[in-house]
Number of protein chains: 2
Amino acid sequence: MTKPESRKSGVAAVNATGKCATSASAAAAELGDDDNVSVEPGCPSPSTSTHIRANVMKQTSRESMYRRNTECEVYDDGTNTFFWRAHTVTVLFILTCVLVYVTLLEETPQDTTYNTKRGIVASILVFLCFGVTQAKDGPFTRPHPAYWRFWLCVTVVYELFLIFILFQTVHDGRQFMKYIDPKLGVALPERDYGGNCLLYDPGNTTDPFHNIWDKMDGFVPAHFLGWYIKTLMIRDWWMCMIISVMFEFLEYSLEHQLPNFSECWWDHWIMDVLVCNGLGIYCGMKALAWLSMKPYQWQGLWNIPTYKGKIKRIAFQFTPYSWVKFEWKPASNLRRWLAVLGIIFMFLLAELNTFYLKFVLWMPPEHYLVLLRLVFFVNVGGVAMREIYDFMDDPKFHKKLGQQAWLVAAITVTEFLIVVKYDPNTIMLPIPFVVAQCWFLGILLIFTWTLWRFFIRDITLRYKETRQRKQEAPADRDRPLGNGSTAAPSGRSKLNGGCETVRQRKS
Amino acid sequence: MTKPESRKSGVAAVNATGKCATSASAAAAELGDDDNVSVEPGCPSPSTSTHIRANVMKQTSRESMYRRNTECEVYDDGTNTFFWRAHTVTVLFILTCVLVYVTLLEETPQDTTYNTKRGIVASILVFLCFGVTQAKDGPFTRPHPAYWRFWLCVTVVYELFLIFILFQTVHDGRQFMKYIDPKLGVALPERDYGGNCLLYDPGNTTDPFHNIWDKMDGFVPAHFLGWYIKTLMIRDWWMCMIISVMFEFLEYSLEHQLPNFSECWWDHWIMDVLVCNGLGIYCGMKALAWLSMKPYQWQGLWNIPTYKGKIKRIAFQFTPYSWVKFEWKPASNLRRWLAVLGIIFMFLLAELNTFYLKFVLWMPPEHYLVLLRLVFFVNVGGVAMREIYDFMDDPKFHKKLGQQAWLVAAITVTEFLIVVKYDPNTIMLPIPFVVAQCWFLGILLIFTWTLWRFFIRDITLRYKETRQRKQEAPADRDRPLGNGSTAAPSGRSKLNGGCETVRQRKS
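Per an unreviewed UniProt entry, chain A goes by Phosphatidylserine synthase and derives from Zoarces viviparus. As recorded by UniProt, the Function (unreviewed entry) comment attached to chain A reads in full: "Catalyzes a base-exchange reaction in which the polar head group of phosphatidylethanolamine (PE) is replaced by L-serine."

The following block contains the structure:
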């Protein structure tokens, strides 16, 4: 079924009540036939004149219902019609005019290479024109759905570019970068990192703390900002901390492959984990708290009387339309646990790709393409994470893995394949024995815990519950039962959950 | 807002009642605030246990409401879950495996040209993988939404290919076709058409009717089939006939540019218009009548007991999910009139492009690419026409011009621009004076009729209505009026329609 949030996007003048009614009726439809009809109060709306009550709703799967209700608590008066319209016909008309001008009125140059480049750029631009007006909307709508459609199209173009690079020989692929920037395609100079790790260097009399100041470069605010944004994406303190610490472990483990992973111990743990990342995560969590508390009432710009109010409204256009708290709950069942492990794995892989890709494609770290890639990931990562969360948390309602999540996963995999193909020697450098031991131990621990938590513990619990049920059974038989499909007594919901988990695991 | 039909697609187990409720509540939300709450009977559903009543609905815009109700009369029991699921994760996994195999386990050839070709083909295939699972659904769902998503992606690829060709020099563009088929890129031999037009040729004693038999080639069934499909697209007898006749006029007018437009008079009017096209249109109309009468009850394959029933159900999977009759009503208002004129114009332009594109890109008429282009248009034309109809007929509900319609329009324009750029001399060959006079007369007639029908006649009507209203006014004042926005007495609906038309024209 359609996602409740995506309905507003791209179309004008939707008031939140409409959305509520739809999501409510969609939910009702999804829950199957309605033997147990009950009147549901619908969505609480601040305006008394806009009440649409969906009167058929079953009382199962309370959690997902609760979340949908939370999302319903958005009030939007739905003005700004022109701003929200997709302008499909206008874009088509302008596109036609530009094509007529460029191809018929301008003389075509005779340079084949230049024309080829121009043709490819024109194709990409036309694709963007199409995508920005017509692509499927994702979960985000602020500041404008077209903004997120634009990034979706960029994601597609980037993935196709990566696939093309993946199919070239190593030499051709590196030289292909010259078409983008003639300065590229040149082997990078070897660099030496690490070095002197003394916090207080008595050998340097003018400034004994010079080692610390040396590390205070542009990467400190970059790390901070990066983790601030990552926290907004992941929306969970624990997952952020785990990824942050895991990445330092990865740097330790892989410094024999990439020399720029070798840092001083205090650079790893104090500067990175504690100061930059920690502060970023802390500020991110503060922002999250604000976003989840903030009232979501969208008054149209023209309905706000004061100038100050108008400016504030414009600024708020850059905050989300509504807010969904992420509750990953990895330990609640095996599916969620594996999903969270998978997300952490993909996240770390994407982070590693940043460094390895630069290395194999001979990109200098300060090149604008490296920065563009990060800007790109900042924009698409949030959407992808939200889509993964939706797919994991509420698979009945979000039946497809979101498009952006699909693409980001494909991109991460493709980037990794490029790294493996372009420099198999570096990747295959054997891991030092101690490091390998540590990783083996870590994986064993996770495996054992998984086995205990979702298999052994559950079997014990199930055994206990079966015994308990047997004892309760005589008392139960006297009680009259309603419709079998719906009248599961609420006292047993936990038990049902347990059974479901077991069934899911078996299939 | 979401289209009611697109909601079912790509997701599993949707029963039609859910769809009805959603479309009803969405319609209610769209109609603004609900001062005048009335209980609406919702969608008639064959199964009595599945009633979801949307109880808020206003009684305006009856026609679009009626259409939505008609579409609701589809019954779908929503089984075949696996068949309908989008398999996003499965496709991603298989794609990853294929990429790993092809790029890491196979050795990369050292041939740069071959790798470039392979890279482009791989990019297109990955794009198709993404699009088929993730692209936005269109109005059609049978035999499977993925089928229509596939054609949407093909449309995008074709448009980007055209844009690329458009940006090349004439020579490069023609030679570029060699990459697709090495036999292309060679100038076509000049051909002579027309010739002897005698129905009964007394000079040929063995078979005086040989001229007729000569024309009985593969194009006769092609014309018939083509017009059968076009009728299913346009769904209107009159529009089909007009386009069919207009195209023969165009052939007459342009035979000085393209020699294969020059045919005998009886080939134009008897063989083409009457026999092939006419019969095609007749059969198409019969099929339309069957499709609009046929009951739309979709029982899942597993719920059908007999083998014969199952086979019938599988065959019916290739018929539409529901059916929308097109009522173009070109004379009802200026907007519709201009839209219908525009559609006819684009349709004829697309037909002409078939011939001109072959001519300028040096494609032999029997080449498989020419056939592929026609197969492509057969598949996307129907979707595009439906989207245009939706956009024209119900712009409140379909706020965007559909994606396929947008692309087909862009493709038609791009193809025409390629023709103009690649062979401006042929296009600019002056039209014979008589032909020019005829066209001028035709356009003048259309223009005069437009002026009379939508401006002069309306002003007269409006004057009459104002006078009539003035006479009725004293009687009206005594009657108590309800809420001004909703309680327009039904007796005035025609008048309101008239007013709306006038307002629209002014804006």
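Caption draft 1: Region of the structure containing the overall build of chain A. Scanning chain A from terminus to terminus reveals 18 helices and two strands. Of all 507 residues assigned to chain A, the portion counted as buried reaches 48%. Considering only intrachain contacts with a sequence separation of at least 6, the fraction spanning at least 24 residues in chain A is 74%. For chain A, the exposed area adds up to about 26400 Å²; of that, 67% sits on carbon and sulfur atoms.

Caption draft 2: Broad picture of unusual backbone geometry. Residues and elements named next belong to chain A. The residue Arg235 is not glycine, and still its phi comes out positive at about 60 degrees. With a relative accessible area of 8%, Arg235 lands in the buried category. One non-glycine residue, Lys329, adopts positive backbone phi at about 40 degrees. When you line up the elements, Lys329 lands in the loop between helix H12 (307-316) and helix H13 (334-360).

Caption draft 3: Geometry of the packing of helix H4 (residues 88-105) of chain B against helix H5 (residues 112-134) of chain B. All names here are of chain B. Following both chains from N to C, one finds H4 and H5 inclined at 165 degrees, their axes separated by 9 Å at the closest point. It follows from the interaxial angle that H4 and H5 lie roughly antiparallel. H4 and H5 meet at a crossing whose hand is right-handed. Contact with H4, carried on its side by Thr88, Val91, Leu95 and Val102, involves Arg118, Val126, Cys129, Thr133 and Gln134 of H5 and no other residues of that element. Tallied by class, residues from the contact of H4 with H5 come to five nonpolar, three polar and one charged.

Caption draft 4: Broad picture of the pattern of salt bridges. Residues and elements named next belong to chain B. Throughout the structure, instances matching the rule amount to 12 salt bridges over all chains. The residue Arg373 makes a salt bridge to Glu415 at a minimum N-O spacing of 2.9 Å. Note that Arg373 is positioned in helix H14 (residues 368-393) and Glu415 in helix H15 (residues 403-422), a separation of 42 residues in sequence. Of the charged contacts in the structure, one is a salt bridge between Asp390 and Arg386, with a shortest N-O distance of 3.1 Å. Of this pair, Asp390 and Arg386 both sit in helix H14, four residues apart, which is roughly one turn of the helix. Taking relative accessible area as the criterion, Arg386 reaches 4% and is therefore assigned buried.

Caption draft 5: Quick peek at the nonpolar core. By size, the foremost hydrophobic cluster in this structure holds 143 residues, and its most contacted members are A:Ile234, A:Trp328, B:Ile234 and B:Trp328. Sequence-distant contacts of B:Trp328, defined by excluding residues within four places in its chain, comprise B:Ile234, B:Asp236, B:Met239, B:Arg336, B:Val340, B:Ile343, B:Met385, B:Tyr389 and B:Met392.

Caption draft 6: Representation of the environment of B:Lys136 within the structure. If you trace the backbone, B:Lys136 turns up in the loop between H5 and helix H6 (145-166). Excluding residues that lie within four positions of it along the chain, B:Lys136 makes contacts with A:Gln134, A:Ala135, A:Lys136, B:Arg149, B:Leu152, B:Lys400 and B:Gln403. One polar contact links the side chain of B:Lys136 to the main-chain carbonyl oxygen of A:Gln134, over a distance of 2.7 Å.

Caption draft 7: Here's a closer look at a nonpolar patch on the surface. Residues and elements named next belong to chain A. On the surface, Leu199, Tyr200, Phe209, Trp213, Met216, Phe249, Tyr252, Trp265, Ile270, Leu274 and Val275 cluster together into a nonpolar patch covering about 1100 Å² of accessible area. Mapped onto the nonpolar patch, the elements with two or more residues apiece are helix H10 (237-254) and helix H11 (265-293). Of the residues forming the nonpolar patch, the biggest block, four residues, is contributed by H11. When you line up the elements, Tyr252 lands in helix H10. The exposure class of Tyr252 is partly exposed, given its relative accessible area of 31%.

Caption draft 8: Up close: helix H14 (residues 368-393) of chain A. Across its 26 residues, H14(A) extends 37 Å between first and last C-alpha, which sits within 8% of the 38 Å expected from 1.5 Å per residue. At A:Val380, H14(A) shows its strongest bend, of approximately 30 degrees.

Caption draft 9: Spotlight on the environment of A:Val324. Position of A:Val324 relative to the elements: it lies in the loop between H12 and H13. Overall, A:Val324 belongs to the buried group, its relative accessible area being 3%.

Caption draft 10: Spotlight on the packing of aromatic side chains. Residues and elements named next belong to chain A. Evaluation of the coordinates by the stated rule reveals 47 aromatic pairs over all chains. Taking 5.2 Å as the distance between ring centres and 50 degrees as the angle between the ring planes, the aromatic pair formed by Phe164 and Phe176 counts as tilted. Placement of Phe164 in helix H6 (residues 145-166) and of Phe176 in helix H7 (residues 170-180) is noted, with a sequence separation of 12 residues between them. We classify Phe176 as partly exposed; its relative accessible area is 23%. Considering the side-chain rings of Phe326 and Tyr389, the 4.3 Å spacing of their centres and the 15 degrees angle between planes classify their relative orientation as stacked.

Caption draft 11: Quick look at the environment of A:Lys230. All names here are of chain A. Looking at the element boundaries, Lys230 is found in helix H9 (residues 219-234). A sequence separation of 225 residues divides Lys230 from Phe455, and the C-alpha atoms of the two residues are 33 Å apart. Within polar-contact distance, the side chain of Lys230 engages the side chain of Glu351 at 3.0 Å.

Caption draft 12: Looking closely at the confidence of the model for chain A. Residues and elements named next belong to chain A. The predicted model of chain A has a mean per-residue pLDDT of 76, with 74% of residues at 70 or higher. Note on residues 1-72: pLDDT is under 50 here. Beyond four places in sequence and across chains, it has 151 contacts. Within the model, pLDDT remains below 50 along residues 480-507, and this stretch shows 21 contacts once partners closer than five positions in the same chain are excluded. Among the prediction metrics, the complex's ipTM stands at 0.77, with pTM recorded as 0.77.

Caption draft 13: Structural view of the packing of helix H10 (residues 237-254) of chain B against helix H13 (residues 334-360) of chain B. All names here are of chain B. Look at H10 against H13: their axes get within 10 Å of each other, and the N-to-C directions meet at 45 degrees. In this view, H10 runs oblique relative to H13, as classed from their interaxial angle. Helix-helix and strand crossings are classified by hand; for H10 and H13 the assignment is right-handed. The residues of H13 that touch H10, namely those facing Met239, Ile242, Ile243, Met246, Phe247, Leu250 and Leu254, are Val340, Ile343, Ile344, Phe347, Leu348, Glu351, Leu352, Phe355 and Tyr356.

Caption draft 14: Highlighting the state of the cysteines. Taken as a whole and judged by the stated rule, the model has zero disulfides over all chains. Lacking any disulfide linkage, A:Cys153 is separated from the closest cysteine sulfur, that of A:Cys129, by 9.8 Å.

Caption draft 15: Inspection of helix H4 (residues 88-105) of chain A at higher detail. Across its 18 residues, H4(A) extends 25 Å between first and last C-alpha, which sits within 8% of the 26 Å expected from 1.5 Å per residue. Taken together, the buried positions of H4(A) are occupied by A:Thr88, A:Leu92, A:Leu95, A:Leu99, A:Val102 and A:Thr103. What you see down the axis of H4(A) is that its buried residues fit within an arc of 105 degrees, all on one side. Exposed and facing more than 90 degrees away from the buried side of H4(A) are A:Phe93 and A:Leu105. Contact partners of the buried residues in H4(A): helix H5 (112-134) of chain A together with H6 and H15 of chain B.

Caption draft 16: Geometry of the side chain of B:Thr426. Residues and elements named next belong to chain B. Along the polypeptide, Thr426 turns up in helix H16 (residues 424-428). Among the polar contacts listed, one links the side chain of Thr426 to the side chain of Asp423, at a separation of 2.8 Å. Sequence-distant contacts of Thr426, defined by excluding residues within four places in its chain, comprise Gln257, Tyr356 and Phe359.

Rules and cut-offs
- Residues numbered from 1 in each chain as written.
- Chains lettered and ligands numbered in written order.
- Predicted model: local features only at pLDDT ≥ 70, side-chain atom pairs only at ≥ 80, totals over all residues.
- Heavy atoms only, no water.
- UniProt positions renumbered as here; feature names shortened; annotations may be inferred.
- Helix = DSSP H or I, 4+ residues; strand = E, 2+ residues; numbered from the N terminus.
- Buried < 20%, exposed > 50% of the residue type's maximum accessible area, 1.4 Å probe, protein only.
- Contact = heavy atoms within 4.5 Å.
- Areas by Shrake-Rupley, 256 points an atom, 1.4 Å probe, with all protein chains shown as cover.
- Axes fitted to C-alpha atoms, helices over the stretch in contact; angles between N-to-C directions.
- Parallel < 35°, antiparallel > 145°, perpendicular 65-115°, else oblique.
- Left-handed = near helix turned anticlockwise from the far one by under 90°.
- Nonpolar A, V, L, I, M, F, W, Y, C, P; charged D, E, K, R; others polar.
- Salt bridge = Lys/Arg side-chain N within 4 Å of Asp/Glu carboxyl O.
- Core = buried A, V, L, I, M, F, W, Y, C linked by side-chain atoms within 4.5 Å.
- Polar contact = N/O pair within 3.5 Å; in protein donor to acceptor, adjacent residues only side chain to side chain.
- Patch = residues over 30% accessible without salt bridge, like charges linked within 9 Å, V, L, I, M, F, W, Y side chains within 5 Å.
- Expected span 1.5 Å × (residues − 1).
- Bend = angle between axes of the 7 residues up to and from the residue.
- Phe/Tyr/Trp six-rings, centres within 6.5 Å; stacked < 30°, edge-to-face > 60°.
- pLDDT = per-residue confidence, 0-100.
- Disulfide = S-S within 2.5 Å.
- Arc of directions from axis to C-beta.

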